[in-house]
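So you can see what is in the structure, the chains are spelled out below.
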Amino acid sequence: MNPIFMAQWMKEKRSPIMILAFCGLSILATLLFGTGSDSKMQIGVFPAEGAGDTAAEEWLDLLNKGDAVEFVMQDELQAHSEVREGRADAALQLMENDYRIIAAIDNPNVQLVEQQVHTVFVEELQLRAAEAYKKDTSAFRTEVETYLKHPPITVQSQTTEGSQLIKYNMSLQLLFTFTLFLVMFTIGFKINSITMEKVSGIWSRVILSPVRKSEMYMGHLMYSAMIGFAQIAAVFLLFRYAFGFNLGDQFGMLLLIAAMYSMTIVALSMLLTGMVRTPEQFNAVFPSVIPIMPLLSGAYMPPGTITNEFLLTISELFPLKHALDAMIDIAIYNAGWPDVFLSVAKLCMIGVICMGIGINLMERRRV
Amino acid sequence: MLEAMELRKVFKGRTAVDDVSLFLDQGESVGLLGPNGAGKSTTISMISSLLTPNSGDVRLNGVSIVSKPQFIRQVLGVVPQEIALYEELSAYENLKFFGSIYRLKGKQLEAKIQELLEMVGLRDRQKELIKTYSGGMKRRINIAAALLHDPQIVIMDEPTVGIDPQSRNHILETVRLLNREKGTTVLYTSHYMEEVEQLCSRVYIMDHGRIIASGTTEELRRILSGEDTLLLKLDKPNKDLANVLRSLAPIRHVEETDNGLKLIIAKHSSLLSQIVQTAESHQVEIINIHVHTPSLEDVFLHLTGRTLRD
């Protein structure tokens, strides 16, 4: 097994461009799409005809006290145009004591805006109604604010286990997604070298040597898995120590999941390699099939975005989904092995099935 | 020493090799001759245990290698038709890899690598990457890679295809050295007649998956003892002349060459005057006539009605 492994490593040292390129792409994609994902959504605001600018400014101050959405004053025509052309999810028309949301489609972002605006308006209008019965309105406002500092009822949100609700980290999900997605290419193209060696005659030469066939496969498979794992580990370490990403307190567990994922992708690549006849066919099929996996798994979107039962069932077949679930649970929710057992079990099962069928197909085929 | 008996291989209903039997004695150099697609590569794949025959057997010193492939693998070196080397590695690194899969290491491996690089004339370029080598240089390393473990039997599958004359001579010299000085048994497949005539004491000729003739080169030439080969050099090509000559009874085969015609005629037939007259009647001048000693190429032509490169 060692000579096979070392020969692959020697080739890698001569031409490390592929692994470096995919590492670079993982980093670049995460920085491009991941770091901006927590920024506030911007919504254009304009006063309705007849409503005063001062009143609109007052509402704007109140609306911007929330966390999730940033409201900015905008020209009415421009606000309409941005919504119409899909550059903004919604716009807000402010009246003296009311509002109107302008949206092209009803999506979760529009509902979020609606919720925030509604809450602000209801609270403010209730206060104004109460003020109508007071002589000193400013004193009343101060009294309410002081009272609310120590409210009679406080609501605490907790998980079913009793722990604090943790804010979801979309950047971390995208880091995992891009890294796991791009490492599939590295591993796939490495596994394809088995077919290349079969076509070039190197494989037959090695078969005639004392090296056993199982050692030949092990050399290739172990090398591909290790190079894939090294790529994931390098990207994670970089983001943890250079970019300051919080990857949780169980980095070792994350790396173990990465190792299992690498092995499963090796198996998946073996299956695809077994289905095609030439390295060129693999190079055409593999990059066409792989990008579908993160899309159908909803890996680029916040959790719960995909609700279609069919898509959810299909995504169960993809190793990316299970590795991603396990990593998110570990990094964000501090989950232990019992919590991620199901994801890990599914990951391993996909690996075993793909490897079994893949090797069988490869051995049946005569190159 | 090595014997193939009634080998047969069928791929998806197409018979690639049919009832092929051949043998190699220790220290012999045997040629397997045939055009592309004759079944040579399939035959040597079965002999080297890479392919299992549908029927028939291959025996090495009486032991069936179909059931015990490892028996031949220990003593066999195969030079495949393809360049089975890592293009990204140097010649030295490739040889080191192929040596290490035969469990060679340390000084023994190093000495063997240098010996073989010297043998194939590439010692001074051993550190260069294979992808920077010419086709001929790659083929020389391809041969060296099969010799690292000092095999008793070497099977070479068209080792001189598509290379320059210098590399070709080097390869032929290497094969001669292996066989005559080191006593290695060689099975050499080719569709170049002259190579097989130079290197091999016995020859098997294959066509359409079957052995159509075998024997020493002299024995094979004797197949044509009842025929003469005439090479006519003409001042201009003329298709009508070739067609008319074909119709003459003692002429068994007419083939157009670059500057004239090649005729295979029954021995001792007095055709010369008739040929000259026919040429004159077609206003073609015969510049010279050469009576040619039959070669293996002529034997193949006689047996199959086509040339090896058809």
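Residues numbered from 1 in each chain as written. Chains lettered and ligands numbered in written order. Predicted model: local features only at pLDDT ≥ 70, side-chain atom pairs only at ≥ 80, totals over all residues. Heavy atoms only, no water.

## Details of the domain arrangement of chain A
Item 1. In terms of domains, chain A is made up of domain 1 (2–36 + 169–364) and domain 2 (41–149).
Item 2. A separation of 47 Å is found between the C-alpha centroids of domain 1 of chain A and domain 2 of chain A. (Domains from an automatic or database assignment.)

## Overview of empty space enclosed by the protein
All names here are of chain B.
Item 1. Under the criterion given, the structure shown has one cavity of 30 Å³ or more.
Item 2. In this structure, the largest cavity encloses a volume near 70 Å³.
Item 3. Looking at the lining of the largest cavity element by element, the count peaks at three residues for strand S6 (residues 76–79).
Item 4. Broken down by class, the residue content of the lining of the largest cavity amounts to seven nonpolar, two polar and one charged. (1 Å grid on protein atoms, 1.4 Å probe; cavity = no way out; pocket = protein on both sides within 12 Å on 5 of 7 lines; lining within 4 Å. Points joined across faces, edges and corners; volume = space filled by probe spheres on them. Helix = DSSP H or I, 4+ residues; strand = E, 2+ residues; numbered from the N terminus. Nonpolar A, V, L, I, M, F, W, Y, C, P; charged D, E, K, R; others polar.)

## As for the sheet that holds strand S3 (residues 90–94) of chain A
Backbone hydrogen bonds hold the strands of a sheet together, and the pairing may be parallel or antiparallel.
Residues and elements named next belong to chain A.
Item 1. Ordered in space as S2-S1-S3-S4, the four strands form an open sheet in which the pairing is mixed. Each edge of the sheet is formed by a strand with only one pairing partner; in this case those strands are strand S2 (69–73) and strand S4 (99–103). The mean angle between the axes of side-by-side strands here comes to 30°, regardless of whether they run parallel or antiparallel.
Item 2. Across the sheet, helix H4 (residues 76–84) is in contact with strand S1 (41–47), S3 and S4; its angle to S3 comes to roughly 150°.
Item 3. Relative to S4, helix H5 (residues 108–131) is tilted by about 175°, and along the sheet it contacts S1, S2, S3 and S4. (Pairing = 2+ DSSP bridges. Axes fitted to C-alpha atoms, helices over the stretch in contact; angles between N-to-C directions. Contact = heavy atoms within 4.5 Å.)

## Some points on the domain arrangement of chain B
Residues and elements named next belong to chain B.
Item 1. Parsing chain B into structural domains produces domain 1 (2–221) and domain 2 (225–304).
Item 2. Each of domain 1 and domain 2 has a C-alpha centre, and the two are 37 Å apart.
Item 3. The interface is formed by 14 residues belonging to domain 1 together with nine residues belonging to domain 2.
Item 4. Counting each side, the surface lost to burial between domain 1 and domain 2 is near 930 Å², with a carbon and sulfur contribution of 77%.
Item 5. Viewed at the interface, domain 2 and domain 1 are joined by zero salt bridges. (Buried area = accessible area lost by both parts, 1.4 Å probe. Salt bridge = Lys/Arg side-chain N within 4 Å of Asp/Glu carboxyl O.)

## Thoughts on the nonpolar core
Item 1. Counting 153 residues, the largest nonpolar core has Phe176, Leu247 and Tyr261 of chain A together with Ile47, Ile141 and Tyr188 of chain B as its most contacted members.
Item 2. By residue number, the principal contributor to this core is helix H10 (residues 251–275) of chain A, which donates 13 residues.
Item 3. Apart from the residues lying within four places of it in its own chain, the contact partners of Ile141 of chain B are Leu85, Ala91, Leu95, Leu117, Val120, Leu122, Ile130 and Tyr133 of chain B. (Core = buried A, V, L, I, M, F, W, Y, C linked by side-chain atoms within 4.5 Å. Buried < 20%, exposed > 50% of the residue type's maximum accessible area, 1.4 Å probe, protein only.)

## Details of the pattern of salt bridges
Opposite charge on two side chains permits them to pair, given that their charged atoms come into close proximity.
Item 1. If you walk through the whole model with that rule in mind, you get 26 salt bridges over all chains.
Item 2. Ionic contacts of the salt-bridge type, sharing partners, join the residues Glu124, Arg128, Glu131 and Arg141 of chain A into one network.

## Remarks on the pairing of strand S4 (residues 55–60) of chain B
Residues and elements named next belong to chain B.
Item 1. Here strand S1 (residues 2–11) runs beside S4; their pairing, made up of five bridges, is antiparallel. Looking across to S4, one finds that Met5 is bridged to Asp57.
Item 2. The sheet contact formed by S4 and strand S5 (residues 63–64) spans two bridges and is antiparallel. Across the sheet, residue Leu60 finds its bridge partner in S5, namely Val63.

## Details of the interface of chain A and chain B
Item 1. Taken together, the contact between chain A and chain B spans 23 residues of the former and 29 residues of the latter.
Item 2. Summed over both partners, the interface of chain A with chain B buries about 2,200 Å², with 64% contributed by carbon and sulfur atoms.
Item 3. Its largest share of buried area at the contact with chain B, chain A owes to Arg14, Arg205 and Leu208 of chain A, together 34% of the area lost on that side.
Item 4. Remark: the boundary between chain A and chain B carries one salt bridge.
Item 5. Glu93 of chain B is the salt-bridge partner of Arg14 of chain A, the closest N and O atoms lying 2.6 Å from each other.
Item 6. Summed over the shared surface of chain A and chain B, the number is six residue pairs in polar contact (both at pLDDT 80 or more).
Item 7. Taken together, the elements giving at least two residues each to the side of chain A that touches chain B come down to helix H1 (2–14), helix H7 (170–200) and helix H8 (202–207) of chain A. (Polar contact = N/O pair within 3.5 Å; in protein donor to acceptor, adjacent residues only side chain to side chain.)

## Considering the packing of aromatic side chains
Residue and element names in this part refer to chain A.
Item 1. Applying the stated rule across the entire model yields 16 aromatic pairs over all chains.
Item 2. Relative to Phe121, the ring of Tyr99 lies with its centre 4.8 Å away and its plane at 50°, an arrangement referred to as tilted. Of this pair, Tyr99 sits in strand S4 while Phe121 sits in helix H5, and the two are 22 residues apart along the sequence. An identical accessibility class is assigned to Tyr99 and Phe121; each is buried.
Item 3. Taken together, the aromatic side chains of Phe22, Phe181, Phe185, Phe189, Phe282 and Phe286 make up a single cluster linked through ring pairs. (Phe/Tyr/Trp six-rings, centres within 6.5 Å; stacked < 30°, edge-to-face > 60°.)

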